[in-house]
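# Structure assessment
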Amino acid sequence: MNLKEVLKMADEMVFAKTGQHLDNLQEAILQGTMQGEKYTKIAQEIHCNESYVRQVGSQLWQIISNELGEDVNKTNFRAAIKRFQISNVSNFAQDVVAIGNFNICGEPRHPPTHPPNKETPHQDLSEMPELGAFYDRTSQLQTLTTWILQQHSRLITLTGISGIGKTSLAVQLVQQIKDEFEYAAWYTLDEFPTIDKFQSNLIQLFSNPEKPDFSPTNQKRLPLIKYLQKYRSLIILDDVHNLFSSGEFAGKYKPECEEYRSLFKQIEKLSHQSCLLLIGWEQPREVTQVKNQNTPIRTLQLKGLDIAAGREILRDYGLAESDNSETLIHRYQGNPLWLKSVASLIQELGGGVTDLLPNDTILLPEDLKDVLHQQFDRLSELEKQVICLLAKESQPVDRAKLLENDIIPVSDLANALQSLSRRCWIEKQENFYTLSPIMKQYIKTRLSHLTKIDNE
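All of the points below concern the structure found in this document. Predicted model only: the values in this text are computed from it and were never measured.

With that settled, consider the sheet that holds strand β6 (residues 233-238). If you walk across this open sheet you meet the six strands as β3-β5-β6-β7-β4-β8, and the pairing is parallel. Lying at the two open borders of the sheet, with one neighbouring strand each, are β3 (122-124) and β8 (297-301). Ignoring which end each strand starts from, the neighbouring axes of this sheet average 10° apart. Set on the sheet, helix α7 (residues 166-177) makes contact with β4 (155-159), β5 (183-188), β6, β7 (275-280) and β8; between it and β7 the angle comes to about 155°. Relative to β5, helix α8 (residues 195-206) is tilted by about 155°, and along the sheet it contacts β3, β5 and β6.

What follows is the structure, given as structure tokens:
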């Protein structure tokens, strides 16, 4: 049997049923089946999870079963498609139907009326950063892969304090799974992220002139959600916090960015096979952090690296052999950016960790202060008040303790704590809240600076 013709027939069946052509994985399953390969080998060849390959295969056999009017599976597919070819010979007497190596009609081979529609995946990753040193995030990478490829999550937020490694993790993820999608795109939102620009860029990507849908005589463009329904796509939006207002609780849209809310709601509610990954310091308010397996929305909040990965960073700065390297990693919470900043300072000063960081000393390099300034300035006034109260406490405190100050009403305090938690500014242990040593030192330094200015 001719593999090309089989793929063409299967593509026509799938398109007739779903309105979509075979994707890379479906074609690989059909090709492997024709070659007598097991799912295990097919999964290995395309670097994909075997259980997901089986799931897609099962769906594919069901579609073909419906089109052929008989029960088709991986075992009997070759026989079923052969019977289909034979039974349809009389319906296209002048067409070529190949069985084995001879031509039934005895006519010269005609080019297929509809050539195979398999296309190379379309990708716009020009704004995606290069993948530099990638420190171990194996479990988080597997979690995201499972959510996207197996659980078919439609909207995922990847959050965490600045420098924690969100973008690096996303780049690694995209490199691994981008070819599972017909389209893949990465866009970084600037300070003026109008939805018109974003939608225009994406629709331009979908509007490939090679596609018959977008011939010069057919210039009508569909709403973005229609393309996400029609083509399996992976879309990444980096720096999504630029959609939200400064001086407000986390996740409040700027007035000019409200249309993004409607888009995110469509992506969540409407049926499609695409995935939108949002990366940033904040996430939309409608995306809850409470785990609910019954929704197509997921949130992954990144924490610091473990000791082994932290030592990899320090090794690059000649500090790996330090006896206090583990203490340094804990003190800076395993945050890659923070570790690199303080390690660079120590290296430039020519001292060691023990010399420059005796006891509980915390260094705040200027570049690290700049990063924290940028995020602190986004906080609402209520959040800043809570932060200043926590900075004065030597131990974790509960809400009752915070209310003793008689400064913030109960309802406002609850909202401020929720917002700060979503921004990853505070740590919560059961019902107690605290600031990390870095945050405490930063707030004390900032307050000292402001007091000095007032006195002058």
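What follows is about unusual backbone geometry. One can expect most non-glycine residues to show negative phi and most peptide bonds to be in trans. The phi angle at H152 is positive, at roughly 55°, despite the residue not being glycine. For H152, a relative accessible area of 31% gives the class partly exposed. We note that C424 has phi near 65°; this positive angle belongs to a residue other than glycine. The topology assignment puts C424 in the loop between α18 (410-422) and β9 (427-429). Of the residues examined, C424 reaches a relative accessible area of 17% and is grouped as buried.

One pass over the full model with this rule turns up 12 aromatic pairs. Ring centres of Y260 and F264 lie 6.0 Å apart, and the angle between their planes is 50°; on these two criteria the pair is classed as tilted. Of the two residues, Y260 and F264 are both situated in helix α10 (residues 258-269); the distance of four residues between them amounts to about one turn of the helix. The burial state of Y260 is the same as that of F264; both residues are buried. What links up through ring pairs into an aromatic cluster is the set Y183, F206, Y227 and Y231. One Lys or Arg, K74, reaches over the ring of Y39 and ends 5.3 Å from the middle of that ring.

On the surface, D136, D306, E312 and D316 cluster together into a negatively charged patch. Here D316 is to be found in the loop between α11 (307-315) and α12 (325-331).

Here the focus is the pairing of β7. Of all six residues in β7, six are buried, a share of seventy percent or more. The side-chain alternation of β7 yields two buried faces, one formed by C275, L277 and I279 and the other by L276, L278 and G280. Judged from the five bridges that link them, β4 and β7 form a sheet pairing that is parallel. Within β7, the position partnered with L155 by the bridge is L276. Summarising the sheet, β6 and β7 pair through four bridges and their orientation is parallel. Bridged to L234 within β7 is C275.

Right, let's talk about the pairing of β5 for a bit. For β5, the buried fraction is high: five of the six residues fall into the buried class. Relative to β5, β3 runs parallel, the two being bridged by three bridges. Its bridge partner being in β5, Q123 is matched across the sheet by A184. Pairing of β5 with β6, which is carried by six bridges, proceeds in the parallel orientation. Note that in β6 the partner of Y183 across the bridge is S233.

Tallied over the full model, the rule gives 16 salt bridges. Linking E286 and R261 is a salt bridge whose minimum nitrogen-to-oxygen distance equals 3.7 Å. With E286 in the loop between β7 and β8 and R261 in helix α10, the pair connects residues that are 25 residues apart, well separated along the chain. When the shortest N-O distance is used, the salt bridge between K265 and E268 registers 3.7 Å. Of the two residues, K265 and E268 both sit in helix α10, three residues apart, roughly one turn of that helix. With a relative accessible area of 34%, K265 lands in the partly exposed category. Connected via shared salt-bridge partners are E282, R378, E383 and R423.

Quick look at the packing of helix α1 (residues 3-18) against helix α2 (residues 24-34) now. To characterise two packed helices, one gives the angle between the axes of the helices and the distance between these axes. Contact geometry of α1 with α2 gives a least axis separation of 11 Å together with a crossing angle of 135°. Between α1 and α2, the angle is such that the two are oblique. Crossing angle aside, the handedness with which α1 passes α2 is right-handed. Side by side, α1 and α2 meet where L3, V6, L7 and A10 of the first sit next to E27, L30, Q31 and M34 of the second.

Each value, and the rule that gives it
- Counting from 1, residues in each chain are numbered in the order their sequence is written.
- Only residues with pLDDT of at least 70 get local features here, since the model is predicted, and only at 80 or more are side-chain atom pairs given and counted; chain-wide, interface and lining totals rely on the full set of residues.
- Side-chain calculation: all heavy atoms of the structure are included, whereas hydrogens and water are not.
- Between any two strands, at least two bridges found by DSSP are needed for them to pair.
- A run of DSSP states H or I qualifies as a helix once it reaches four residues; a run of E qualifies as a strand once it reaches two. Both are numbered from the N-terminal end.
- The angle between two axes is taken between their N-to-C directions and runs from 0 to 180 degrees, where each axis is a line fitted to C-alpha atoms and a helix contributes only its stretch in contact.
- Whether two residues touch is decided by their heavy atoms; if any such pair falls within 4.5 Å, the residues are in contact.
- Note on exposure labels: buried denotes an accessible area under 20% of the residue type's maximum, exposed denotes more than 50%, and partly exposed covers the range between, all computed with a 1.4 Å probe on protein chains only.
- Each pair of aromatic rings taken from Phe, Tyr and Trp, with Trp reduced to its six-membered ring, is defined by centres within 6.5 Å and is described as stacked if the planes are under 30 degrees apart, edge-to-face if over 60, and tilted in the remaining cases.
- Geometrically, a charge over a ring is one whose NZ (Lys) or CZ (Arg) sits within 6 Å of the ring centre while staying within 35 degrees of the ring normal.
- Here a patch means residues that are over 30% exposed by relative accessible area and free of salt bridges, tied together within 9 Å if like-charged and within 5 Å if nonpolar (Val, Leu, Ile, Met, Phe, Trp, Tyr).
- Values of accessible area rely on a 1.4 Å probe in the Shrake-Rupley scheme; residue burial ignores everything except the protein chains shown.
- Salt bridges are defined as contacts in which a side-chain nitrogen from Lys or Arg sits within 4 Å of a carboxyl oxygen from Asp or Glu.
- Positive residues here are Lys and Arg, negative ones are Asp and Glu, while His and the chain termini are left out of the count.
- The atom standing in for a charge is NZ when the residue is Lys, CZ when it is Arg, CG when it is Asp and CD when it is Glu.
- For classification purposes, angles smaller than 35 degrees are called roughly parallel, those larger than 145 roughly antiparallel, those between 65 and 115 roughly perpendicular, and all remaining angles oblique.
- Crossings are sorted by hand: turned counterclockwise from the far helix by less than a right angle, the near helix makes the crossing left-handed, and turned clockwise it makes it right-handed.

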